[in-house]
Amino acid sequence: MKFKFVTEEDLDKIQNLFVKTFKKKISKKFYKWRYFNLNSKSFINSKDKVIFHIGFVEKKINSSKKKKILSRHSSIVHKKFQRKGIYSNFFLNFIKKKEIIKNYFAIIAWPNTINFKTFKKIKKKYFYKRLYVYSNNYKFKKNKFNTNSFNKINKITNLNFFKYLESKVSFFYKDSNYLFKRYLNDPHQKYFFFSTNLNGDKDIIVFSVNHICSIKTIVIQDYFGEQKNLNKTFETFIKSLIKKKIPVAFWKFWINGNKPSYLSNFKILNKFQNLIIIPLGKNKIKFNKKIFTMGDTDTYMKLS
């Protein structure tokens, strides 16, 4: 099967494929924002009937060299054509392409249960982890809350330290430019932020309101700030939500083995995200105690 880059004329067919496969709508506005830019690319099969789609978003590793990587999202195969090797053949050939190996340090994927088997065919070492959701929403199933008291994300640019913001703990390199493109420009999702001032350091948590297990919940999307302030910033924010009886959800963020005491209010849900990192060429991945956050995936984005 041959593949080609997605053009604007293909969007109607991609929308139909998305609905048929996931029972969800994806807007053209979201798609153009996510994939029609210099740092993204997406592919479909080259025939008239679109039965396959895959998208990649270019990011950088949070290190001194800030090497480029591709994060794979929105992989779809029409149900009638699944388990015929379409996705596997594309992906396994893609990571062997000379121009991809030359320009990128690694490929990151977030596979679901359907395309997870593809990665067992990769004949090289790669990193695999399950990222589980921690939440206290089981305690407040009937609780209703409004967002009037939260700081809207568009106000963050008014802060005098906005342009100096960086995430010192994220695996991906994130600065104020990343925050602007990822969160302020998102066409559908409404984000909020919480800030602290610890020993003169300004630290920011970006969060949204999503449904986790069908319950309206605060989802912690990202953190921008110093590593030394990570645990304290999360503790301050999460305890304020617990006090107000507001459900909150997040992936594991504490770096050392000492779990925060307030986790006694939380459960690890039977809801996880697969993460796979495939180094390209002879490259090796070093984490250096870096973390991943919910905002790194499309899972908690509003697509339409």
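Residues numbered from 1 in each chain as written. Predicted model: local features only at pLDDT ≥ 70, side-chain atom pairs only at ≥ 80, totals over all residues. Heavy atoms only, no water.

Colleague: So what exactly am I meant to see when it comes to the packing of aromatic side chains here?
Modeller: We describe a pair of aromatic rings using the distance from one ring centre to the other and the angle between the two ring planes. Following the criterion strictly, the structure yields 40 aromatic pairs and no others. On the numbers, 5.2 Å between centres and 75° between planes, the contact of Tyr-134 with Trp-254 is edge-to-face. One end of the pair, Tyr-134, is in strand 6 (residues 127-135); the other, Trp-254, is in the loop between strand 11 (248-250) and strand 12 (267-279), with 120 residues separating them in the sequence. In terms of burial, Tyr-134 and Trp-254 fall into one category: buried. (Phe/Tyr/Trp six-rings, centres within 6.5 Å; stacked < 30°, edge-to-face > 60°. Helix = DSSP H or I, 4+ residues; strand = E, 2+ residues; numbered from the N terminus. Buried < 20%, exposed > 50% of the residue type's maximum accessible area, 1.4 Å probe, protein only.)

Colleague: Looking at this structure, I do not really get the packing of helix 1 (residues 11-22) against helix 2 (residues 28-35). What am I missing?
Modeller: Each pair of packed helices can be described by the angle between their axes along with the distance between the axes. Interaxial distance between helix 1 and helix 2 falls to 11 Å at its minimum, and their mutual angle equals 105°. Considering their axes alone, helix 1 and helix 2 lie roughly perpendicular with respect to each other. On helix 2, the residues touching Leu-11, Asp-12, Ile-14 and Gln-15 of helix 1 are Lys-28, Tyr-31 and Lys-32. Split into classes, the residues belonging to the contact of helix 1 with helix 2 amount to three nonpolar, one polar and three charged. (Axes fitted to C-alpha atoms, helices over the stretch in contact; angles between N-to-C directions. Parallel < 35°, antiparallel > 145°, perpendicular 65-115°, else oblique. Contact = heavy atoms within 4.5 Å. Nonpolar A, V, L, I, M, F, W, Y, C, P; charged D, E, K, R; others polar.)

Colleague: Is there a simple way to think about the side chain of His-78 in this case?
Modeller: Structurally, His-78 is set in the loop between strand 4 (68-77) and helix 3 (86-94). When neighbours within four sequence positions are excluded, His-78 is seen to be in contact with Leu-17, Lys-20, Thr-21 and Ile-51.

Colleague: Looking at this structure, I do not really get helix 5 (residues 176-184). What am I missing?
Modeller: Since the α-helix packs 3.6 residues into each turn, any two residues three or four apart lie on the same face. Along helix 5, the residues classified as buried are Ser-176, Tyr-178, Leu-179, Arg-182 and Tyr-183. Across the axial projection of helix 5, the buried residues extend over an arc of 150°, all falling on one side. Contacts from the buried residues of helix 5 go to helix 2, strand 3 (52-60), strand 8 (191-198), strand 9 (201-212) and strand 10 (215-224). Put simply, Asp-175 is the residue that caps the front of helix 5, since its side-chain oxygen is 3.2 Å from the backbone nitrogen of Asn-177. (Arc of directions from axis to C-beta. Polar contact = N/O pair within 3.5 Å; in protein donor to acceptor, adjacent residues only side chain to side chain.)

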